[in-house]
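So you can see what is in the structure, the chains are spelled out below.
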Amino acid sequence: MFLLGALSDENSLQLREHLTQGCECCLERVKEAARTIYLLSLTVKPTSPGPKAKADLMRLIRGK
Amino acid sequence: MPGEAKTGSSKPLVENGKSKMEELLGRVADRDVEALERLYDQFAPRLMGLLMRILCARSDAESALQEVFLRLWKEAPGIARSKGSVAVWLVFVARHSAFQRLRTQRAGAARPAPGPHGQGRTKEEKPGGRSAGPPRREHKPRERPSSKNDSQSSLFLAASPEVWMPRPEDIELVDARLGLLQRAFNQMPKPQRLALELAVFEAYTESEIAAQLGEPLGKVNAGLRASLTFLRHRQHAVLGTWTADI
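Please read all numbers here as calculations on a predicted model, not as lab measurements.

The rules behind these values
- Residues numbered from 1 in each chain as written.
- Chains lettered and ligands numbered in written order.
- Predicted model: local features only at pLDDT ≥ 70, side-chain atom pairs only at ≥ 80, totals over all residues.
- Helix = DSSP H or I, 4+ residues; strand = E, 2+ residues; numbered from the N terminus.
- Buried ≥ 20, exposed ≤ 12 C-beta atoms within 10 Å, placed from the backbone.
- Contact = placed C-beta atoms within 7 Å.
- Nonpolar A, V, L, I, M, F, W, Y, C, P; charged D, E, K, R; others polar.
- Core = buried A, V, L, I, M, F, W, Y, C linked by C-beta atoms within 7 Å.
- pLDDT = per-residue confidence, 0-100.

### A short note on the overall build of chain B
- From N to C terminus, chain B includes 11 helices and zero strands.
- Element order for chain B, N to C, with α for helix and β for strand: α-α-α-α-α-α-α-α-α-α-α.
- Of all 246 residues assigned to chain B, the portion counted as buried reaches 39%.
- Across chain B, the fraction of contacts at a sequence separation of at least 24, relative to all contacts at a separation of at least 6, is 66%.

### Observations concerning the interface of chain A and chain B
- Opposite the 42 residues of chain A that make contact, chain B presents 59 residues.
- Among the secondary structure elements, those contributing two or more residues to the side of chain A that touches chain B are α1 (9-20), α2 (24-41) and α3 (51-63) of chain A.
- Top element by residues in the side of chain A that touches chain B is α2(A). It accounts for 11 residues.
- Split into classes, the residues belonging to the side of chain A that touches chain B amount to 23 nonpolar, nine polar and 10 charged.

### Thoughts on the environment of A:His18
Residues and elements named next belong to chain A.
- Checked against the element boundaries, His 18 lands in helix α1.
- By the C-beta count within 10 Å, which is 13 here, His 18 ends up partly exposed.
- With sequence-adjacent residues up to four places away left out, His 18 is seen in contact with Cys 23 and Cys 26.

### Quick look at the nonpolar core
- Counting residues in hydrophobic clusters, the biggest one holds 78 residues, and the most contacted among them are B:Leu47, B:Leu51, B:Leu65, B:Leu90, B:Ala94 and B:Ala199.
- If you tally residues by element for this core, the top one is helix α2 (residues 33-55) of chain B, at 13 residues.
- Leaving out residues up to four positions away in the same chain, B:Ala199 has contacts with A:Leu4, A:Ala6, B:Tyr204, B:Ile209 and B:Leu224.

### What about the confidence of the model for chain B?
Residues and elements named next belong to chain B.
- Here chain B averages 76 in pLDDT, and 68% of its residues register 70 or above.
- A low-confidence stretch, residues 140-149 (pLDDT under 50), is modelled with 20 contacts involving residues beyond four sequence positions or located in other chains.
- Across the interfaces of the predicted complex, the ipTM metric reaches 0.89, alongside a pTM of 0.77.

### Quick notes on the confidence of the model for chain A
- Scored by pLDDT, chain A comes out at a mean of 86, with 98% of its residues at no less than 70.
- In the model of chain A, α1(A) stands out as the element of lowest mean pLDDT, 81, in contrast to α3(A), which has the highest, 95.

Now the structure itself:
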């Protein structure tokens, strides 16, 4: 819920402070949750971006 | 010269047991444009599917996709140092970028009234039949835009990737069994899956989901937690034993 950004601001702030203190157990749960959210995020069917999107990106990269 | 782009590297994709994506990330950190292009070719369709699911409009999704890869180009050295999975980093940055855009759109939707299906999205903008889950539900128009622009979780994720990012080898295992895990997602009770979709793809908080569904906050909260616990257990089963009955 925290990683989804779905917690209330107050609860989210409390958990963030707790994690920042380095609680190993909770950080392990966060890693596990990150894996779950990664999985959920990829339940959609892949879609190819248009060729122009890639060309524009590569032009920007090469110009940097 | 630092920051100068290199092209044309012919290094093999797998070296010393390192995964292909992490190998490419190392090369991107070294300013290898071809490596970035190969990461894009490998991962852009999955990110684009996610971005279109969240944002609907192809132009918005492509713009967000560009932002993700520009950030990757800029932040690759730090991501490589964190030793986390670049695939997870890409997905979380894509989600963050899309959610920011969606919330900005909603904040602007205090402007002209959205169409009968809410949130200003048109049927023409919706990609059809892409989700492994149920089709997108038409939600009530929101009366109040979300106040969140940068949540506590995104601040945490950005500040300390080394402590939360799963290792590449864990993600390779998930990727290899993605189909089974998707089945587990589809086996969830419909109300729980719906609430989860609102959090995962629509950037709603638990209280906003309760308002959308017209359910008490406590019930929505309990349902979301139950669905995440269900998925966690199924994930353990799938990743721990091939014979697990899911």
